[in-house]
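# A look at the structure
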Amino acid sequence: MIIKVLLTIIFLVVMVGVGLYSRKQASSVDGFVLGGRAVGPWLTAFAFGTSYFSAVVFVGYAGQFGWKYGMSSAWIGIGNAIIGSLLAWIILGRRTKLMTQHIESRTMPDFFGTRFSDQGLRVVASIIAFVFLIPYTAGVYSGISRLFEMGFEIPYEYCVIIMSILTAVYVIIGGYKATAMNDFIQGIIMLFGIVAVILAVLNAQGGLTAAVDKLAQIPSDADPNVNGGFATWFGPDPWGLLGVVVLTSLGTMGLPQMVGKFYSITDESAIKRGTVISTIFAFIVAGGCYFLGGFGRLYDPVIGANGKIAFDSIVPAMLVTLPDVLIALVVLLVLSASMSTLASLVLTSSSTMTLDLIYRDKKSLPGEVEDGTIDDIVAEKIERRKVVVMRVLIMFFIVISLLIALNPPTFIAQLMGISWGALAGAFLAPFMLGLYWRGVTTASVWACFIWGVGLTVINMLVGNPINPINCGAIAMVGGFPVVWIVSLLTKKLPKQTVDTIFECYKK
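Presented here is a report on the structure given in the accompanying data block. Throughout, residues of each chain are indexed from 1 in the direction in which the sequence is written. Only residues with pLDDT of at least 70 get local features here, since the model is predicted, and only at 80 or more are side-chain atom pairs given and counted; chain-wide, interface and lining totals rely on the full set of residues. By convention in this description, side-chain values take in all heavy atoms of the structure and omit both hydrogens and water.

### Brief notes about the packing of helix α17 (residues 442-461) against helix α18 (residues 468-489)
Angles run from 0 to 180 degrees between N-to-C directions of axes, and those axes are lines fitted to C-alpha atoms, restricted for helices to the stretch in contact. Strands are runs of DSSP state E lasting at least two residues, helices are runs of H or I lasting at least four, and both sets are numbered from the N terminus onward. Contact geometry of α17 with α18 gives a least axis separation of 9 Å together with a crossing angle of 160 degrees. By the criterion of interaxial angle, the relationship of α17 to α18 is roughly antiparallel. The way α17 lies across α18 gives a crossing that is right-handed. Where α17 abuts α18, its residues Ala443, Ser444, Ala447, Cys448, Trp451, Gly452, Leu455, Thr456 and Asn459 lie against Pro468, Cys471, Ile474, Ala475, Gly478, Gly479, Val482, Val483, Val486 and Ser487. Any residue outside Ala, Val, Leu, Ile, Met, Phe, Trp, Tyr, Cys, Pro, Asp, Glu, Lys and Arg is labelled polar, Gly included; the first ten of those are nonpolar and the last four are charged. Residues of the contact of α17 with α18, tallied by class, amount to 12 nonpolar, seven polar and no charged. Angle categories are assigned with fixed cut-offs, so that under 35 degrees is roughly parallel, over 145 is roughly antiparallel, 65 to 115 is roughly perpendicular, and the rest are oblique. Handedness of a helix crossing follows the sense of rotation of the near helix relative to the far helix, less than a right angle counterclockwise being left-handed and clockwise being right-handed. Only heavy atoms matter for contacts: two residues are in contact if any of them lie within 4.5 Å across the pair.

Right, dumping it as structure tokens:
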């Protein structure tokens, strides 16, 4: 216990110290939200990866999907690396950086409002982002707290409260630069931690070959007379597995807290290096998490009060027999993953609410002349006021998500499915197509917002007849035909406006 407590205290002191070190760069809005748009490839790549993979993946998804699909759940991690990281950087990285800087966009809702000349889109997008980032945040709290219960025997409620306070401290003090620097440190811990934990768990089962042999002896859920499904390449349910791959991989391209990383990177050469770094990171961390979870059936499941398997307790049950030093490493691993994700979520939500709802400046495209000017002193005061408001909203967002985490309505995986489904279902298609296709119309963006949020909410209200995971995947993929068809049938934006926006790619 002394080792675990000591390592955790050192870790938390370093996190807060980085926040204090970065506080000078967080005095302006660009500095607080985007790190001055001058964050290098290593910090950006690790910020992308650590925001992607949190306790939601390590505890919730790895446990639930490892139990359901066995070793084939490793495909989810591979999909996360190839689609969620490699393709995300290739498809979105350069174009997002250039266009958002060209139109002076600081948030995804701001992008929608300026790119499609409709400030109503900006307002509605900010509300969607704020509302549906909350269940995701609650899921992260829930996941990390279950590991703390296992490692420190501290009640769940205390764990949740402690995590929320510590995350708020370093984000409020240092803004995005502190978050990115801490993400790098946390990412290093995650890389070493996941490798060490996998080796320890397999060693406890007699090695990889012995573990796979044991898994092959377990009968299928669908047919108790058939063994071996959980030790095969594609598992007992390939189509269900595909839905999870789509949700967890494609979704990153439509999430505000993930896409925002491309706003802040320094230049195009940094994007190329960041692509490689981020993909390798994802292969190790995501692939490792799901590979580990695939052996969950070798351990006795925890049965909840409702008589069903408590999926969020599967991974903690696998780790509880490890030596204390390794448990301390696991706690730091999940703490690192979760605090980085929490920091990204609260920063995204607070900046969106501040810049796109409370201080919604009149935007003009590059080359246009704004009506009215303000002197530098007044402008500086407004900038400082915006940063203060963002810091207050960070606390507000954390409190709301904390209340949900203290009374979690469902499993972590379902919380994340609802969040990702609504956000990426609404944002993915219009954002990605808006970077490439001049023909996207304002009406098509509205239609996709209604499609993504409407499908997710209606499915939830009628009792989830479609599994939230599959519903989220349908919402994301279905957004593309919605935007395409509606764009063909509705009024186009003025050609001069669109040409002005796309000038950034000619430079």
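Having seen the structure, we can now continue with the description.
### Observations regarding the nonpolar core
Nonpolar core, defined: a set of buried Ala, Val, Leu, Ile, Met, Phe, Trp, Tyr and Cys residues in which side-chain atoms within 4.5 Å join the residues together. Note on exposure labels: buried denotes an accessible area under 20% of the residue type's maximum, exposed denotes more than 50%, and partly exposed covers the range between, all computed with a 1.4 Å probe on protein chains only. Ranked by size, the top nonpolar core spans 147 residues in total, and within it Phe58, Phe112 and Phe427 carry the most contacts. Discounting chain neighbours no more than four positions away, the residues touching Phe112 are Ser117, Asp118, Leu121, Ala125, Phe427, Pro430, Phe431, Val445 and Phe449.

### Things to note about a nonpolar patch on the surface
Only residues whose relative accessible area exceeds 30% and that form no salt bridge enter a patch; like-charged residues are grouped when within 9 Å of one another, and nonpolar side chains (Val, Leu, Ile, Met, Phe, Trp, Tyr) when within 5 Å. The Shrake-Rupley method, run with a 1.4 Å probe, gives the accessible areas here. Residue values count only the displayed protein chains as cover. The term salt bridge refers to a pairing of a side-chain nitrogen on Lys or Arg with a carboxyl oxygen on Asp or Glu at a separation within 4 Å. A cluster of nonpolar side chains, Ile82, Leu87, Ile90, Val195, Leu199, Val276, Ile280, Phe283 and Ile284, forms an exposed patch at the surface whose accessible area comes to about 760 Å². Broken down by element, the nonpolar patch gets its largest block of residues, four residues, from helix α12 (residues 268-293). Along the chain, Val276 turns up in helix α12.

### Details of the pattern of salt bridges
Across all of its chains, the model carries three salt bridges by this definition. Residue Arg122 is joined to Asp110 by a salt bridge in which the shortest nitrogen-to-oxygen separation is 3.8 Å. A residue pair is termed long-range when its members are at least 10 positions apart, and Arg122 in helix α7 (residues 119-152) and Asp110 in helix α6 (residues 108-115) qualify at 12 residues. Across the salt bridge formed by Arg438 and Asp499, the nearest N and O atoms sit 2.6 Å from each other. Residue Arg438 is located in the loop between α16 (412-436) and α17, and its partner Asp499 is located in helix α19 (residues 495-502); the two are separated by 61 residues in the primary sequence. For Asp499, a relative accessible area of 24% gives the class partly exposed. Among the charged side chains, a network of salt bridges with common partners joins Arg438, Lys495 and Asp499.

### Topic: the packing of aromatic side chains
Between two aromatic rings, the relevant description is the distance of the centres plus the angle of the planes. Aromatic rings from Phe, Tyr and Trp, taking only the six-membered ring of Trp, are treated as a pair when their centres fall within 6.5 Å; an angle between ring planes under 30 degrees marks them as stacked, one over 60 as edge-to-face, and anything in between as tilted. Applying the stated criterion to the full structure yields 22 aromatic pairs. Plain terms: the ring middles of Phe112 and Phe449 are 5.3 Å apart, the flat faces sit at 85 degrees to each other, and that makes the pair edge-to-face. Taken together, the residues Phe112 in helix α6 and Phe449 in helix α17 connect sequence positions 337 residues apart. With relative accessibility at 0%, the residue Phe112 sits in the buried group. In this structure an aromatic cluster arises from ring pairing among Phe111, Phe112, Phe116, Phe427, Phe431, Trp446 and Phe449. Counted as over-ring charges are cases with an Arg CZ or a Lys NZ within 6 Å of the ring centre that also lie within 35 degrees of the ring normal. Sitting over the face of the ring of Tyr436, Arg95 holds its NZ or CZ atom 4.3 Å from the ring centroid.

### Describing the packing of helix α3 (residues 41-52) against helix α11 (residues 256-264)
Axis separation between α3 and α11 bottoms out at 10 Å; the angle between their running directions is 180 degrees. In terms of orientation, α3 and α11 fall into the roughly antiparallel class. Packed against α3, whose contacting residues are Thr44, Ala47, Phe48, Ser51 and Tyr52, the element α11 presents Met258, Lys261 and Phe262 at the interface. Here the contact of α3 with α11 is composed, by residue class, of five nonpolar, two polar and one charged.

### Focus: α11
For α11, the buried fraction is high: eight of the nine residues fall into the buried class. Turning to α11, its buried residues number three or more, namely Pro256, Gln257, Met258, Val259, Lys261, Phe262, Tyr263 and Ser264.

### A word on the side chain of Thr96
Tracing the backbone through its elements, the reader meets Thr96 in helix α5 (residues 74-102). On the basis of relative accessibility, which here comes to 0%, the residue Thr96 falls in the buried class. In terms of polar contacts, Thr96 uses its side chain to reach the backbone carbonyl oxygen of Leu92, at 2.6 Å. When sequence neighbours within four positions are dropped, the list of residues in contact with Thr96 reads Val259, Phe262, Tyr263, Phe431 and Leu435. Any pair of nitrogen or oxygen atoms within 3.5 Å is treated as a polar contact; in protein, a donor-acceptor pairing is required on top of that, and neighbouring residues in sequence qualify only through side-chain atoms on both sides.

### What to know about empty space enclosed by the protein
Lining residues are those with an atom within 4 Å of a point, where the points come from a 1 Å grid over the protein atoms alone and group into cavities, where a 1.4 Å probe fits but cannot get out, or pockets, open sets with protein on both sides within 12 Å along at least five of seven lines. Grid points are joined across faces, edges and corners, and a volume is the space filled by probe spheres set on the points. For the structure shown, the criterion picks out two cavities of 30 Å³ or more. Here the largest cavity defines a volume of roughly 200 Å³. Residue lining of the largest cavity: 18 residues in total, with Val33, Arg106, Pro256, Gly260 and Thr348 positioned closest to the centre. Among the elements of the structure, α2 (29-34), α6, α11 and α14 (324-358) are those that each provide at least two residues to the lining of the largest cavity. Element by element, the count of residues in the lining of the largest cavity is highest for α11, at six residues. Along the lines of polarity and charge, the residues of the lining of the largest cavity split into nine nonpolar, seven polar and two charged. Size it by volume and the second largest cavity reaches roughly 40 Å³. Along the walls of the second largest cavity sit 10 residues, with Ile418, Thr456, Asn459, Pro468 and Cys471 positioned nearest its centre. Listing elements by their share of the lining of the second largest cavity, those giving two or more residues are α16, α17 and α18. Here the lining of the second largest cavity is composed, by residue class, of four nonpolar, six polar and no charged.

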